[in-house]
Amino acid sequence: MHHATGRECRFWWAGLALLTPLSALAEPSLDELLREVERLKERVEQLERERVRPVPAQELNLGLSISGTERAVEAPVEAKPTAPEVHVGGALRFNFVHRDFVEASDGKRGESGLDVFRLNVEGAIDNILVSAEYRFYSYMHTLHHGWIGYQFDDNSQLQFGVHRVPFGLQPYPAHNAWFGVPYYTGLGDDYDMGIKYQREDGPWQWQLAFYKNEELNDSTSAERYSFDLVRSGDQQNEETNQFNGRGAFTFGLGTGCETETGASLQAGELYNHITGRRGDHWAAAAHLDSRCGRWHVQLSGIRYNYSPANPEGMNNDTVQVGAFAGTYDVASRADVLVANLAYNVPSPWKHIDSITCYNDYSQLFKDDAHSRDSRINTLGCAVGMGPIFTYVDYILANNMAYFAEGSMAQGGDNEWHSRFNVNLGFYW
Amino acid sequence: MKRYRSRLLLLLCMLGAHSAHAQQELNVVSWDGAYVKSQILGFIRPYEEHANIRVNVLQYTGGIDEIRRQVRAWNVQWDVVDLELFDAIRACNEGLLEHIDPKTLPDAPDGTTAQDDFIPVSLMPCGVGNVVGSTVVSYRQDKFKEPPGRLEDFFDLKKYPGRRGLRRSPQGNLEWALIADGVATEDVYKVLSTEEGLDRAFRVLNRIKPYIEWWRTGEEAVRLLETNAVAMSSAYSGRLDDAVQRGEPLAIVWDHQVWFYDVWAIPKNGRRTEQAMDFVRYATTTQSLAAQARYIPYGPVRQSSMALLEPELRERLPTSRKNLRTAIELNAGWWSENLDRIAPRFERWADRPVMVPRKLPR
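Residues numbered from 1 in each chain as written. Chains lettered and ligands numbered in written order. Predicted model: local features only at pLDDT ≥ 70, side-chain atom pairs only at ≥ 80, totals over all residues.

Draft legend 1. How the structure looks around the overall build of chain B. Each helix and strand counted, chain B has 17 helices and 11 strands in total. The C-alpha radius of gyration computed for chain B amounts to 23 Å, which stays within 12% of the reference 21 Å derived for 362 residues, consistent with globular compactness. Its C-alpha atoms give chain B principal-axis dimensions of about 85 × 50 × 45 Å. A burial count over chain B gives 46% of its 362 residues as buried. Sequence separation of 24 or more characterises 74% of the internal contacts of chain B that already satisfy a separation of 6 or more. (Helix = DSSP H or I, 4+ residues; strand = E, 2+ residues; numbered from the N terminus. Rg over C-alpha atoms; globule rule 2.2 N^0.38 Å. Buried ≥ 20, exposed ≤ 12 C-beta atoms within 10 Å, placed from the backbone. Contact = placed C-beta atoms within 7 Å.)

Below, the structure written as structure tokens:
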């Protein structure tokens, strides 16, 4: 660079030497000479600028530099091409399980297998957002969520597609990997197809949403991640035209002790494919979510009601839900209680980044006086170690789906069953 | 017309001469905010005029990684660097810095040699001291009815609730933690040298960890206080003085201030070493150091510079008698030997969440 500009300078001086006798012949006017001087001054300054340009701007990080005489940085800082800020991630998880209510599991002293392989896309280009996750299980594969969004200047957000329903404790009503009653009744970590607007005003959070239907637009399929009403046999109801509203206020926002309290409402229709009529459903929740130092408390009370437009004579006291390629019935009208407690244990080990221990309890209080309630309690710890994250859970359940003859609808069994579950995953 | 031609040639010759001089420049690396402003106004601008040179001032946040990278690659763009003393010792031991002979430094105006004029510790084989800086506790005056007055108050969340700002580095923080836990000032480094002592310091920091906001530059510390993001913060005393002059409701707790030296150093393998040396000589004259202190109240490391300062200004320096009563000197020698051992542990500790994460991986 220096040699090149040096050569260029010498060329200019030589040119000037030639210029002088020529101008003498032409006898230029004073104005012409002054203009010539001005032009040459500009050219010399231009060459000077090129000569004093140091190393490439990016290397010197001149964005952080200031000239002692506060002159403008003369080296042009070329704008880097904007790289799309869309990232691909994922996880691979395995389960190690012992179920005391499955003879083979007990006899083999446990079992293990693939839990899930998932791929994620998250990102934003300008103000347009995208988020998607696809999951592969050994028995099904499905879209977990997928939406396109817009980030407004006031940081509020609009999401369109399959996204999390804003209801109750967010993002999850549990700490453990197995979750609890809200999830298995479709009222926790639920994803549907629709549009959602969310905003934060200081300590206030607001979310409003409308869902046209469940996430797959195929209510006959139970190959889905989150629980919804699904159709099979006599049960031919599906969720549609659902409205959600959620508001929350955080006390002590930005401090080491934040307590969020909030309320949620959900109301929608249930279309029955046999009768062609629309029933309705609604749910309401109040929650408290407090992170104080190393402690975390979650409390929630939920009331829900499904009123399907079934054919005459059919039992309206239960509805059928499905996910993970299976279905079961739940009570049509019930209350749900959630009480979770967690503590973040300081890790004494160099390679263990985090240890969160918890006890999550939830219960389904069915309206039908003759039905046994359903309960689930999970005691466990989640351990983070670089990209490896492991849940070690001891689950005790009474009359819960997936536990022996447990039923979240009517009847069921009165036994407590256990599942020891180690879920080990690599996340990237 | 001949007259015009001769004028034109004269003008072009002058322009040519000017262009030849303007080629020279120097990259000086320093810190941010009011500190670098004090250097620019105190002696960098005058040096540009004095040496007819352009000085590019680059900002950084400390450490020697970049110097190591440049020196080892023989691609040195940082001609002069303002280093914390412990970093200068480390870089010197690694052979990354030019040796500077103190005999080449200018004498004081009264003829006192530089070696006698400088505070002894501030002259080291690879660096020349410029200021005595200080890290102090600061707080917003509108936050507390009873203002904090002791270092222990920084760790007392019951009496003085609110978030705390701390520099994201172990230096100073571990010393404060031990002192707040009852360790005598003179025993701090003895205790920190043991694993139990280190554990003890982290245990004390654990008490306030959920409330900590980390900062990396001196400007960030002041901004945390100015914007009410924290009720108390560690901060460099000179930056606070600047903020107070601007009318910010901030106050200083001088109790157990941690004072330290900054030094000028010249990375090896540079192309402008002689010019860099000339800059260091200029920047550390009696007048330059005194001029800087007038823009930021840090103690100059030359006794002759101190003598030039007004009594009122001397009282505001970290080195004034009343501010030094319980002060602790950052042990640069100790940190130069222990930083590589402690810094990774500190980073791990700082990274680990205190609160239960809002979202565990699913």
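Draft legend 2. Layout of the overall build of chain A. A count of helices and strands for chain A gives five helices and 20 strands. With 428 residues in all, chain A has 36% of them scored as buried.

Draft legend 3. Here's a closer look at the environment of Asn-399 of chain A. Residue and element names in this part refer to chain A. Here Asn-399 shows up in the loop between strand S19 (388–398) and strand S20 (416–427). Through-space distance from the C-alpha of Asn-399 to that of Gln-410 is 9.5 Å; in sequence the pair is 11 residues apart. Not counting the four nearest positions on each side in its chain, Asn-399 is found in contact with Arg-372, Asp-373, Ser-374, Arg-375, Gly-406, Ser-407, Gly-412, Asp-413 and Asn-414.

Draft legend 4. Just the nonpolar core, in detail. Residue and element names in this part refer to chain B. Judged by nonpolar contacts, the single largest core of 99 residues is most densely connected at Val-80, Ala-88, Ala-91, Val-263, Ala-265 and Val-280. Among the elements that make up this core, the one with the highest residue count is strand S9 (residues 250–265) (eight residues). Counting only domains with at least three residues in this core, you end up with domain 1 (24–132 + 261–324) and domain 2 (135–258 + 338–351). Among all residues touching Val-280, those that are not within four sequence positions of it are Val-80, Ile-100, Val-128, Trp-264 and Ile-266. (Core = buried A, V, L, I, M, F, W, Y, C linked by C-beta atoms within 7 Å. Domains from an automatic or database assignment.)

Draft legend 5. Unusual backbone geometry, seen in detail. Residue and element names in this part refer to chain A. Cis rather than trans, the peptide bond between Gln-170 and Pro-171 has omega equal to -5°. Here Phe-179, not a glycine, exhibits a phi torsion of approximately 65°, which is positive. Relative to the elements of secondary structure, Phe-179 occurs in the loop between strand S6 (157–164) and helix H5 (181–184). Look at Asn-399: it is not a glycine, yet its phi comes out positive at around 60°. For Asn-399, a count of 26 C-beta atoms within 10 Å puts it in the buried group.

Draft legend 6. How the structure looks around helix H2 (residues 33–51) of chain B. Residue and element names in this part refer to chain B. In this model H2 runs 25 Å from its N-terminal to its C-terminal C-alpha over 19 residues, within 8% of the 27 Å that 1.5 Å per residue would give. At Ile-40, H2 shows its largest bend, some 45°. Buried within H2 are the following residues: Gly-33, Ala-34, Tyr-35, Val-36, Ser-38, Gln-39, Ile-40, Gly-42, Phe-43, Ile-44 and Tyr-47. Where H2 is buried, its residues meet strand S1 (25–30), strand S2 (54–59), helix H10 (218–226), helix H11 (237–245), helix H12 (273–283) and helix H13 (286–295). With its phi angle positive at about 50°, Asn-52 sits one or two positions after the end of H2. (Expected span 1.5 Å × (residues − 1). Bend = angle between axes of the 7 residues up to and from the residue.)

Draft legend 7. Examining the sheet that holds strand S9 (residues 228–229) of chain A more closely. All names here are of chain A. Read from one edge of the open sheet, three strands run S9-S14-S15, paired in antiparallel fashion. Sheet topology places S9 and strand S15 (326–331) at the edges, where each strand pairs with a single neighbour. Inspection of the sheet shows S9 paired to strand S14 (residues 318–323) by two bridges, in the antiparallel sense. Bridging from a neighbouring strand, Asp-228 pairs with Gly-322 of S14. (Pairing = 2+ DSSP bridges.)

Draft legend 8. Spatial organisation of the domain arrangement of chain B. Residues and elements named next belong to chain B. Here chain B is partitioned into domain 1 (24–132 + 261–324) and domain 2 (135–258 + 338–351). Taken over C-alpha atoms, the centre of domain 1 sits 26 Å from the centre of domain 2. Counting from both sides, the interface comprises 13 residues of domain 1 and, opposite them, 12 residues of domain 2. Counting residues per element, the side of domain 1 that touches domain 2 draws most heavily on H2, which supplies three residues.

Draft legend 9. Quick peek at the environment of Arg-163 of chain B. Considering the arrangement of structural elements, one finds Arg-163 of chain B in the loop between helix H6 (151–154) and strand S6 (164–167). Assessed through the 20 C-beta atoms surrounding it within 10 Å, Arg-163 of chain B is described here as buried. It is 48 Å that separates the C-alpha atoms of Arg-163 of chain B and Asp-107 of chain B, two residues lying 56 residues apart in sequence. Those residues within four positions of Arg-163 of chain B in sequence are excluded, and the remaining contacts are Thr-255 of chain A together with Tyr-211, Glu-213, Ala-229, Val-230 and Ala-231 of chain B.

Draft legend 10. Quick look at the confidence of the model for chain A. Residues and elements named next belong to chain A. Here chain A shows a mean pLDDT of 86. Residues at 70 or above account for 84%. Taken as a whole, residues 1–26 scores under 50 in pLDDT and shows 11 contacts with residues more than four places along the chain or in a different chain. Note on residues 50–81: pLDDT is under 50 here. Beyond four places in sequence and across chains, it has 45 contacts. (pLDDT = per-residue confidence, 0-100.)

Draft legend 11. Spatial organisation of the packing of H2 of chain B against H12 of chain B. Residue and element names in this part refer to chain B. As a packed pair, H2 and H12 sit with axes 10 Å apart at the nearest point and diverge in direction by 125°. Relative to H12, the element H2 lies oblique. As H2 runs across H12, the sense of the crossing is right-handed. On H12, the residues touching Phe-43, Tyr-47, His-50 and Ala-51 of H2 are Asp-278, Phe-279, Tyr-282 and Ala-283. Class assignment for the residues of the contact of H2 with H12 results in six nonpolar, one polar and one charged. (Axes fitted to C-alpha atoms, helices over the stretch in contact; angles between N-to-C directions. Parallel < 35°, antiparallel > 145°, perpendicular 65-115°, else oblique. Left-handed = near helix turned anticlockwise from the far one by under 90°. Nonpolar A, V, L, I, M, F, W, Y, C, P; charged D, E, K, R; others polar.)

Draft legend 12. Fine view of the confidence of the model for chain B. Model confidence for chain B is summarised by a mean pLDDT of 91, while 94% of its residues fall at 70 or above. Across the whole predicted complex the pTM is 0.70, and at the interface the ipTM reaches 0.74.

Draft legend 13. Summary view of the packing of helix H7 (residues 173–180) of chain B against helix H9 (residues 195–208) of chain B. All names here are of chain B. Close contact between H7 and H9 brings their axes to 8 Å; oriented N to C, the two are set at 85°. For the element pair H7 / H9, the angle class is roughly perpendicular. Side by side, H7 and H9 meet where Asn-173, Leu-174, Ala-177, Leu-178 and Ala-180 of the first sit next to Gly-197, Arg-200, Ala-201, Val-204 and Leu-205 of the second. Among the residues making up the contact of H7 with H9, the classes are represented as seven nonpolar, two polar and one charged.

Draft legend 14. Examining helix H3 (residues 65–72) of chain B more closely. Residue and element names in this part refer to chain B. The set of residues buried in H3 consists of Ile-67, Gln-70 and Val-71. Here the buried residues of H3 occupy an arc of 95° about the axis, which is enough to place them on one side. Exposed side of H3, more than 90 degrees from the buried face: Asp-65 and Arg-69 are the residues found there. The inward-facing, buried residues of H3 contact strand S3 (80–84) and helix H4 (85–93). Once H3 finishes, Trp-74 follows within two positions and takes phi at roughly 55°, a positive value. (Arc of directions from axis to C-beta.)

Draft legend 15. Just the environment of Ile-53 of chain B, in detail. Residues and elements named next belong to chain B. You can see Ile-53 is positioned in the loop between H2 and S2. Judged by the 19 C-beta atoms lying within 10 Å of it, Ile-53 falls in the partly exposed class. On a C-alpha basis, the gap between Ile-53 and Leu-26 in space is 7.4 Å, while along the polypeptide they are 27 residues apart. When neighbours within four sequence positions are excluded, Ile-53 is seen to be in contact with Gln-24, Glu-25, Leu-26 and Glu-48.

Draft legend 16. Quick peek at the pairing of strand S3 (residues 111–125) of chain A. Residue and element names in this part refer to chain A. Bridge count between strand S2 (residues 85–99) and S3: 13 bridges; the pairing is antiparallel. Bridging across to S3, Glu-85 finds its partner in Ala-124. Looking at chain direction, S3 and strand S4 (residues 128–136) are connected through nine bridges and run antiparallel. Bridging from a neighbouring strand, Asn-120 pairs with Glu-133 of S4. Turn length for the S3-S4 hairpin, with the two strands adjacent in sequence and antiparallel, is two residues, and the turn residue Asp-126 shows positive phi of about 55°.

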